[in-house]
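Chain by chain, the residues:
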Protein chains: 2
Amino acid sequence: MSEQVLNYLQDNRERLLEKLNEFLSIPSISTESVHKPDVAVAARFVADHLTDIGFNRVEVQETKGHPLVYGEWMGAGDGAPTALLYGHYDVQPADPLDLWDSEPFKPEVRDGRLYARGASDDKGQVFMHLAVFEAFMKTEGAIPVNIKVCIEGEEEIGSENLYQVLEDKKEQFSADFAIISDSGMVDTGQPTVLYGLKGFTGLEFTVHGPSSDLHSGIYGGVVRNPAMAMAHLLASLKDEQEVVQVDGFYEGVKALGEEERKLIAEVPGENYQQTTGVEETVSEKGFTAKEHMMARPTMEINGLFGGYQGEGTKTIIPSSATAKLTCRLVPGMDPARIQQLVIDHLQKHLPSGVTLDIKPEPLSAKAYKVNPDHPLIKIAGQSLQQAFGKEPVYARLGGSIPVVESIDSIFRMPVVLLGFGTPEDRLHSPNESFPLESFDKGMETLVYYWSKVKDTSL
Amino acid sequence: MSEQVLNYLQDNRERLLEKLNEFLSIPSISTESVHKPDVAVAARFVADHLTDIGFNRVEVQETKGHPLVYGEWMGAGDGAPTALLYGHYDVQPADPLDLWDSEPFKPEVRDGRLYARGASDDKGQVFMHLAVFEAFMKTEGAIPVNIKVCIEGEEEIGSENLYQVLEDKKEQFSADFAIISDSGMVDTGQPTVLYGLKGFTGLEFTVHGPSSDLHSGIYGGVVRNPAMAMAHLLASLKDEQEVVQVDGFYEGVKALGEEERKLIAEVPGENYQQTTGVEETVSEKGFTAKEHMMARPTMEINGLFGGYQGEGTKTIIPSSATAKLTCRLVPGMDPARIQQLVIDHLQKHLPSGVTLDIKPEPLSAKAYKVNPDHPLIKIAGQSLQQAFGKEPVYARLGGSIPVVESIDSIFRMPVVLLGFGTPEDRLHSPNESFPLESFDKGMETLVYYWSKVKDTSL
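What counts, and where the lines are drawn
- Residues numbered from 1 in each chain as written.
- Chains lettered and ligands numbered in written order.
- Predicted model: local features only at pLDDT ≥ 70, side-chain atom pairs only at ≥ 80, totals over all residues.
- Heavy atoms only, no water.
- Helix = DSSP H or I, 4+ residues; strand = E, 2+ residues; numbered from the N terminus.
- Rg over C-alpha atoms; globule rule 2.2 N^0.38 Å.
- Buried < 20%, exposed > 50% of the residue type's maximum accessible area, 1.4 Å probe, protein only.
- Contact = heavy atoms within 4.5 Å.
- Areas by Shrake-Rupley, 256 points an atom, 1.4 Å probe, with all protein chains shown as cover.
- Lys, Arg positive; Asp, Glu negative; His and termini not counted.
- Charge placed at Lys NZ, Arg CZ, Asp CG, Glu CD.
- Domains from an automatic or database assignment.
- Buried area = accessible area lost by both parts, 1.4 Å probe.
- Salt bridge = Lys/Arg side-chain N within 4 Å of Asp/Glu carboxyl O.
- Polar contact = N/O pair within 3.5 Å; in protein donor to acceptor, adjacent residues only side chain to side chain.
- Nonpolar A, V, L, I, M, F, W, Y, C, P; charged D, E, K, R; others polar.
- Pairing = 2+ DSSP bridges.
- Axes fitted to C-alpha atoms, helices over the stretch in contact; angles between N-to-C directions.
- Least-squares fit on C-alpha atoms with pLDDT ≥ 70 in both.
- Phe/Tyr/Trp six-rings, centres within 6.5 Å; stacked < 30°, edge-to-face > 60°.
- Lys NZ or Arg CZ within 6 Å of the ring centre and 35° of its normal.
- Expected span 1.5 Å × (residues − 1).

1. Some details on the overall build of chain A
1) Next: When its secondary structure is counted, chain A shows 14 helices and 18 strands.
2) Next: Taking 2.2 N^0.38 as the reference for a compact globule, 458 residues should give roughly 23 Å; the C-alpha atoms of chain A span a radius of gyration of 25 Å, in line with that estimate.
3) Next: Here chain A holds 458 residues, and the buried ones make up 60% of them.
4) Next: In chain A, 79% of the contacts between residues at least 6 apart in sequence involve partners at least 24 apart.
5) Next: Just so you have it, chain A exposes about 17500 Å², and 47% of that area is on carbon and sulfur atoms.
6) Next: Here chain A contributes 41 positive and 68 negative side-chain charges, whose respective centroids are spaced 4 Å apart.

Take a look at the structure:
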């Protein structure tokens, strides 16, 4: 049954790649207002494709920012499941241009990789879905399940208008599950099903001391040094075994079961020495680096500054010192609660003689996790296995994808994260690329996936 | 006897102030090469004055940088003590010019203060000595003691060439004691004898982690965060009671005797809340703020930085973090040894997974202290009492004056620090000024001083 769909994709490979190149040639940089018309052209490209292949309802929905493309094919009928495909057609800026080996908006294939801004993030992966829908429609006249498509143009600027649209049109966008291809595999050639993402919260705090920088000779020993007070505060947050010392931080975090530890151990280990340049990895006491990264909460200083930062010595007591912190959260941790616990900790541990100014980060995200035994996840694994000829791994990501948490919390539906990028894709950087192998095997995976999902009782 | 000298100063006050104005009008900014000719003019001014009033030997000694003025009057004879007067005729740059209420090099008197760059630091105070020498010579035909004068032109750029000259011409510059008027009183109208200065050592260290900034989601929990490692290192250096935790730091530091504690308690307390804006002062456990500032060693973070310092959040693990530290030392502490102890401490306490790069500060100074009961200090106190009509205080300075330590170590002679500046003088800042009361009473003090020193057996 999927045979002719796969044949279609093979027979039309050149044409489809040309079409993808056309998509990638549109400089749909959402953050640069000069490219606003290009962003609209990219939205139109997606909408036209959906219309051309026979979607019932296609809309370019205007927002306060860039438009969102909505498409619907409900031809599978009431008995079949409905999936919501999320993706984005906007891209990151391309500069610095001089670091690109070919032009960012003139796609070029070199050594089996397609080089262009957006090749991996996310136009390339969105187009794989569009091509697979085309293949089903052109060969079988139908996609095995009902599909709702939501491709936005503001992902790279924080999805400013998406969540309001989803809330307002909850009915229109609701489905049995969502699928997103905007992530990657843990290693090139290693098919990966993501079943969890971390949540996120953060804050910035400033320790204020004297009203201006002071002479360290005349006032040393008289006033509390805000930079030293900040060091004490920061050091009090986490011990040297990487265990967060904030009261209640780990409350509600489920212990890591043996089964999950096994799943994590099966994920091929990145050569951290090579990719990060550190001699030695360090992780939370009692957990491996992979366990800590994927399944345990973390707290990191993202930046700090205070006092004299130029060359040589300037003998001052700084007037203030500032640090930026973020925490990555796992299920069971409420971002607002964790933020408050950190604030309470800082206030409680503040040394005398200085004051504290806290700026809570307004953005946050809850962690997301789906049971790796969920039928939708199992099917994803089976489809990957069939296409790549290799056992997939089941991984959780240390990072956050806010849209996943939003879909989860607005629609209460599972999200399948089926990403085909690789660690070498250089997202957001010069020379972004996407392996053609991912393009071919990824589409094959999707064909199997839709075919299998059709018969699944959810 | 000093009567006619004092009368001379009174009778010639206007003319002497005009002469000072002429001195202050020369923009002898040592750090700006465009002013090199002006610096030479100021040197000439000092030399000419010494020649005019009858010094035996006057030289403008060229150096690799700006010249040094040497003058000698040995007319008091072999039986009388010889004093070395140190001062400097160069000044700090005047910018930002728009913050001055009158032009920096057009002296102007307002509300009893003489406003000009260098009025207090140090041309005004140098000129007081020159005027007093003139008064003695013009009235009595002699100064009570032998005088060697060393007025340099590079103090504001670190006295780059001074020390080599002093070493090379040790014989020429040697004396029984030195006197310096390049400091201030603890409060306006409160005559002050400084009997101690702190020493100084410092270093900068960088904690290196990953070879570039990393995504805090993907690598959080895997690599040691260099900013957090730095916070732990910094926090380990000093506890919250301001006690330095470096092994051996306080070794060799003498306990503060009851007598000295009494002297310190008598120094009028600065209103730290007002001058620094802090709610609460903080000092080393067991010591008052004044004791800590004047007589106990300190360690301060002068600046620190690492990672993202812009607005908002950037979720990275910084590649490195850097801190700058300086310590102020008291007698008994060797700067090189203390620097090494801090380096040892940092290396010993470095968390795993990061590396340490230390840049020791090449400049250092030993602490300086003279017994407050030394006859030269007693006489200074008596002279101040006589001129100001007020009991002087005996204070140690939390800051360092490197030239004092050099004179001490090259010549092994006591240094009398008789400064007439006030906390309101705004040295190095716009609207530098010097109170005319200091000018008058300071010269009176010096007249008494030279008269009394004459009869002192050193």
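So that's the structure; there's more coming.
2. Considerations on the domain arrangement of chain A
Residue and element names in this part refer to chain A.
1) Next: With domains assigned, chain A is organised as domain 1 (2–197 + 367–453) and domain 2 (199–263 + 282–360).
2) Next: With centres defined by C-alpha atoms, the gap from domain 1 to domain 2 works out at 37 Å.
3) Next: Contact with domain 1, which involves 13 residues of that partner, is made by 13 residues of domain 2.
4) Next: Summed over both sides, the interface of domain 1 with domain 2 buries roughly 1100 Å², with 50% coming from carbon and sulfur.
5) Next: Among the residues domain 1 hides against domain 2, the three largest losses belong to Ala 367, Arg 396 and Gly 398. Together they make up 52% of the total.
6) Next: Counting across the interface, domain 1 meets domain 2 through two salt bridges.
7) Next: Between Glu 260 and Lys 369 there is a salt bridge, with its nearest N and O atoms 3.2 Å apart.
8) Next: Seen at the junction of domain 1 and domain 2, the total is five residue pairs in polar contact (both at pLDDT 80 or more).
9) Next: Elements supplying a minimum of two residues to the side of domain 1 that touches domain 2: β8 (192–197) and β16 (393–397).
10) Next: With four residues, the single largest contributor to the side of domain 1 that touches domain 2 is β16.
11) Next: Of the residues that constitute the side of domain 1 that touches domain 2, the class distribution is seven nonpolar, three polar and three charged.

3. Comments concerning the sheet that holds strand β18 (residues 433–435) of chain B
All names here are of chain B.
1) Next: Ordered in space as β4-β5-β18, the three strands form an open sheet in which the pairing is antiparallel. On the outer flanks of this sheet lie β4 (108–110) and β18, each paired with one strand and no other. Going from strand to strand, the sheet's axes swing by 30° on average, the running direction of each strand aside.
2) Next: In this structure, β4 lies alongside strand β5 (residues 113–115), joined through three bridges in antiparallel fashion. Note on β5: the bridge partner recorded for Arg 110 is Arg 113.

4. A look at the pattern of salt bridges
Residues and elements named next belong to chain B.
1) Next: What the rule picks out here adds up to 46 salt bridges over all chains.
2) Next: For the salt bridge of Arg 117 with Glu 432, the shortest nitrogen-to-oxygen distance reads 2.8 Å. Separated by 315 residues along the polypeptide, Arg 117 in the loop between β5 and α4 (123–140) and Glu 432 in the loop between β17 (415–417) and β18 bring together distant segments of the chain. Each member of the pair Arg 117 and Glu 432 is classed as buried.
3) Next: Between Arg 296 and Glu 284 there is a salt bridge; the shortest N-O distance is 2.7 Å. With Arg 296 in the loop between α10 (289–295) and β11 (298–307) and Glu 284 in the loop between α9 (272–276) and α10, this pair connects stretches of sequence that are twelve residues apart.
4) Next: Residue classification places Glu 284 among the buried residues on the basis of a relative accessible area of 4%.

5. So, the relation of the copies chain B and chain A
1) Next: Turning chain B through 180° and shifting it by 0.1 Å along the axis lays it on chain A, with an RMSD of 0.1 Å. Both copies are brought into coincidence by an operation consistent with a two-fold rotation axis.
2) Next: A shared binding surface is used by both copies, with 100% of the interface residues of chain B retained as interface residues in chain A.

6. With respect to the packing of aromatic side chains
1) Next: Applying the stated criterion across every chain, the model contains 16 aromatic pairs over all chains.
2) Next: Ring geometry for Tyr 219 of chain A against Tyr 272 of chain B: centres 6.0 Å apart, planes inclined by 80°, an arrangement best described as edge-to-face. With one member in each of two chains, Tyr 219 of chain A in the loop between β10 (214–215) and α7 (226–237) and Tyr 272 of chain B in helix α9 form a pair that bridges those chains. The burial state of Tyr 219 of chain A is the same as that of Tyr 272 of chain B; both residues are buried.
3) Next: Ring pairs connect the aromatic residues Phe 55, Phe 133, Phe 177, Tyr 449 and Trp 450 of chain A, which therefore count as one cluster.
4) Next: The residue whose ring lies beneath Lys 123 of chain A is Phe 23 of chain A, and the NZ or CZ to ring-centre distance is 5.3 Å.

7. So, the interface of chain B and chain A
1) Next: Facing 72 residues of chain B, the contacting portion of chain A comprises 72 residues.
2) Next: One can count two salt bridges joining chain B with chain A.
3) Next: Taking the shortest distance from any N to any O, the salt bridge between Arg 224 of chain A and Glu 242 of chain B comes out at 2.9 Å.
4) Next: Put simply, chain B and chain A have 31 residue pairs in polar contact (both at pLDDT 80 or more) between them.
5) Next: Put simply, the parts of the chain that give the side of chain B that touches chain A at least two residues each are β9 (199–208), β10 (214–215), α7 (226–237), α9, α10, β11, β12 (316–317) and β13 (320–329) of chain B.

8. Topic: the side chain of Arg 113 of chain A
All names here are of chain A.
1) Next: The topology assignment puts Arg 113 in strand β5 (residues 113–115).
2) Next: With relative accessibility at 12%, the residue Arg 113 sits in the buried group.
3) Next: At 2.8 Å, the side chain of Arg 113 forms a polar contact with the side chain of Thr 422.
4) Next: Here Ser 433 takes part through its side chain, which lies 2.9 Å from a polar atom of the side chain of Arg 113.
5) Next: If we skip the residues at most four places from it in the chain, Arg 113 touches Glu 108, Thr 422, Glu 424, Asp 425, Ser 433, Phe 434, Pro 435 and Leu 436.

9. A word on helix α11 (residues 335–349) of chain A
All names here are of chain A.
1) Next: Over its 15 residues, α11 runs 21 Å from end to end, which matches the ideal 21 Å to within 8%, given 1.5 Å per residue.
2) Next: Taken as a whole, α11 has its buried residues at Pro 335, Ile 338, Gln 339, Leu 341, Val 342, Ile 343, His 345 and Leu 346.
3) Next: Turning to α11, the residues buried within the fold contact β9 (199–208), α7, β11 (298–307), β13 (320–329) and β14 (355–360).

10. Focus on the pairing of β11 of chain B
1) Next: Buried residues dominate β11 of chain B, accounting for eight of its ten residues.
2) Next: Across five bridges, β11 of chain A lies against β11 of chain B in antiparallel orientation. By the bridge assignment, Gly 303 of chain A is partnered in β11 of chain B with Gly 307 of chain B.
3) Next: Pairing of β11 of chain B with β13 of chain B, which is carried by eight bridges, proceeds in the antiparallel orientation. Paired with Glu 300 of chain B across the strands is Thr 326 of chain B, a residue of β13 of chain B.

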